[in-house]
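The chain contents come next:
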Amino acid sequence: SGSLPVGGDWSTAPIVAETNSRPEIRIALARIETARRETRLARAQRWHDVGVGLVSEMQRSEDQPSGVGRDDFVGLRVAVPLPFWNRNQGRIRETETRVQRRQLELKAVQLRIRTEQEAARETMAIAMTAEREWREVQLPLASELEQQLLRQREQGQASFTDWARARERRLQAEADHLESRRDLLRAWLRAQTAWGQMPQFPPQP
C-alpha cells in the first residue's frame, strides 16, 4: 500500500538512531543477564550445607537363658561435605567465562548493526542524489527539448522524426526518474529496518 512521494528532501524524514531497538541487541543483552545470574548462583553454592541431626535407635535381642534384652541408642549425626577445599571454583570460572563471551558477542552484534546502518545511510544519500538529478536536471531538460522541437516543427524548422526522438527521450527520462524514485523508496525502507523501525512509507512532502 502507499504511493511514491513526488520530490521532496527525504533527508529531513525522521529516522530513530536507537540501536537497542534491534531485536538482536535485546537478545544479546538478555543472554548477558542470564549468564550473570548463573554466576551469582554458582557463587552462592560455594559452600555446601552442613547437616546436623538427632539419631534414635531401639534394638531387641533374645539371649538364652536371660531372655529378651532391649538396647536403646541416642546419637548426634553431623554431615560435612568433602573435600573441604572444593568451593565450586570450576563452576564459577565457567559462568564468568560465559559472561565474557556473551559480552563479546554483544560487541560483535553492535558492530554489525552499525555497519548496516552506515551502509543504509550511504545508500540513502546516493539514491537521493540520483532522484534529485533526474527530477531537477534530466527530466526538465528532456521536456524543454521536446517543446522546443515541437515549436520548430510547427514552424517548419524541424522534422517529425526529430520531434519523435525528443519525445522518446523525454518518456525515457520519465521512466528513469520513476526507477530512481523506486530505488529511493527501497533505500528508505531498508534504512528504517537497519535502525530497528517498522518500515513505513515516508510522508508526502
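Just so it is clear, the model here is predicted, and its values are computed rather than measured.

Q: Outline the overall build of the protein chain, supporting the account with residue identities and numerical values.
A: Regarding its fold elements, the protein chain presents three helices and two strands. Counting from the amino terminus, helix and strand elements in the protein chain follow one another as α-β-β-α-α. Taking the contacts inside the protein chain whose residues are at least 6 apart along the sequence as the reference set, 72% of them involve residues at least 24 apart. Accessible area for the protein chain stands at about 14,800 Å²; split by element, carbon and sulfur atoms hold 52% of it.

Q: Provide a residue-level description of helix α2 (residues 89-154), including the pertinent values.
A: With 66 residues, α2 extends 96 Å between its outermost C-alpha atoms, agreeing within 8% with the 98 Å of an ideal straight helix rising 1.5 Å per residue. At tryptophan 134, α2 shows its maximal kink, close to 40 degrees.

Q: Tell me about the pattern of salt bridges, and name the residues and values.
A: In this structure the tally under the stated criterion is 18 salt bridges. In this structure, arginine 112 engages glutamate 116 in a salt bridge whose closest nitrogen and oxygen atoms are separated by 3.1 Å. With arginine 112 and glutamate 116 both in helix α2 and four residues apart, this pair spans about one turn of that helix. Taking the shortest distance from any N to any O, the salt bridge between glutamate 118 and arginine 121 comes out at 3.9 Å. Of the two residues, glutamate 118 and arginine 121 are both situated in helix α2; the distance of three residues between them amounts to about one turn of the helix. Residue arginine 121 is classed as partly exposed on the basis of its relative accessible area, which comes to 45%. A cluster of three or more residues bridged by salt bridges with shared partners is formed by Arg22, Glu24, Arg112 and Glu116.

Q: Outline a nonpolar patch on the surface, supporting the account with residue identities and numerical values.
A: Taken together, the side chains of Val52, Leu54, Val74, Leu76 and Val78 present a nonpolar region at the surface, about 580 Å² in accessible area. Of all the secondary structure elements, the ones that give two or more residues to the nonpolar patch are β1 (51-63) and β2 (67-79). Broken down by element, the nonpolar patch gets its largest block of residues, three residues, from β2. Looking at the secondary structure, you find valine 52 in strand β1. For valine 52, a relative accessible area of 61% puts it in the exposed group.

Q: Tell me about helix α1 (residues 23-44), and please be specific about residues and values.
A: Its 22 residues give α1 an end-to-end C-alpha distance of 32 Å, which sits within 8% of 32 Å, the value for a rise of 1.5 Å per residue. What α1 keeps buried is the set Ile25, Ala28, Ile32, Ala35, Thr39 and Ala42. The buried side chains of α1 occupy one side of the element, clustering within an arc of 110 degrees when seen end-on. Exposed and oriented more than 90 degrees from the buried face of α1 are Arg26, Arg37 and Ala44. In this structure, the buried residues of α1 make contact with α2.

Q: Would you mind going over the packing of aromatic side chains in detail, with residue names and values included?
A: The final tally for this structure, using the stated rule, is one aromatic pair. Ring centres 5.6 Å apart and planes at 45 degrees place the aromatic pair phenylalanine 160 and tryptophan 163 in the tilted group. Separated by three residues within a single helix, phenylalanine 160 and tryptophan 163 lie in helix α3 (residues 160-194), roughly one turn from each other. Residue tryptophan 163 is classed as buried on the basis of its relative accessible area, which comes to 16%. Over the aromatic face of tryptophan 163 sits the side chain of arginine 153, whose NZ or CZ is 5.7 Å from the ring centroid.

Calculation notes
- Residues numbered from 1 in each chain as written.
- Predicted model: local features only at pLDDT ≥ 70, side-chain atom pairs only at ≥ 80, totals over all residues.
- Heavy atoms only, no water.
- Helix = DSSP H or I, 4+ residues; strand = E, 2+ residues; numbered from the N terminus.
- Contact = heavy atoms within 4.5 Å.
- Areas by Shrake-Rupley, 256 points an atom, 1.4 Å probe, with all protein chains shown as cover.
- Expected span 1.5 Å × (residues − 1).
- Bend = angle between axes of the 7 residues up to and from the residue.
- Salt bridge = Lys/Arg side-chain N within 4 Å of Asp/Glu carboxyl O.
- Buried < 20%, exposed > 50% of the residue type's maximum accessible area, 1.4 Å probe, protein only.
- Patch = residues over 30% accessible without salt bridge, like charges linked within 9 Å, V, L, I, M, F, W, Y side chains within 5 Å.
- Arc of directions from axis to C-beta.
- Phe/Tyr/Trp six-rings, centres within 6.5 Å; stacked < 30°, edge-to-face > 60°.
- Lys NZ or Arg CZ within 6 Å of the ring centre and 35° of its normal.

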